[in-house]
Amino acid sequence: MEFWKNKRKEEKMITRSKLAEQLREYQARSKHEWASVSFFSSTSNLSSSSSSRIDVVISVIWDLFILAFLVFSAVSFYFKYTKLALCLLFITTLLLVSMKIVKQIRLARKRKRRMLLPLSM
């Protein structure tokens, strides 16, 4: 009876080896990172960016919207619709700025979560 109580206590205790094992598992999972393929993002290099597939898809969709706005504004300028072109350029600028702000907020949250993990995982 005493043996089983001690065994349960050992299972509940957090040991250094268990933390090291969790760290190894976390590192193995994080090796399968998806790189951001954002064309307009200044920090989208393939090695250091760690984002999920959903983040990549969302980033590509936003980039396509921005590219479409730029193309439509160029076409508007060509056909001498200056007000429409300037309006589209303004919307494009707002999208770019909002993407940067959202990216900074996400990175800050990710850093904060990372600091809460044991052994700075």
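Residues numbered from 1 in each chain as written. Predicted model: local features only at pLDDT ≥ 70, side-chain atom pairs only at ≥ 80, totals over all residues. Heavy atoms only, no water.

The name that an unreviewed UniProt entry assigns to the protein is Transmembrane protein, with the source organism given as Acorus calamus.

(A) Structural detail: the overall build of the protein. On a plain count of helices and strands, the protein comes out with 4 helices and 0 strands. Taking all 121 residues of the protein together, 15% fall into the buried category. Within the protein, contacts between residues at least 6 apart in sequence are counted, and of these 39% link residues at least 24 apart. Surface exposure of the protein reaches about 10300 Å², of which carbon and sulfur atoms provide 67%. (Helix = DSSP H or I, 4+ residues; strand = E, 2+ residues; numbered from the N terminus. Buried < 20%, exposed > 50% of the residue type's maximum accessible area, 1.4 Å probe, protein only. Contact = heavy atoms within 4.5 Å. Areas by Shrake-Rupley, 256 points an atom, 1.4 Å probe, with all protein chains shown as cover.)

(B) Structural context of the side chain of Ser76. Note on placement: Ser76 falls in helix H3 (residues 53–78). Polar contacts involving the side chain of Ser76 include one to the main-chain carbonyl oxygen of Phe72, which spans 2.8 Å. In this view, Ser76 contacts Tyr81, Leu84, Ala85 and Leu88; residues no more than four positions away in its chain are not counted. (Polar contact = N/O pair within 3.5 Å; in protein donor to acceptor, adjacent residues only side chain to side chain.)

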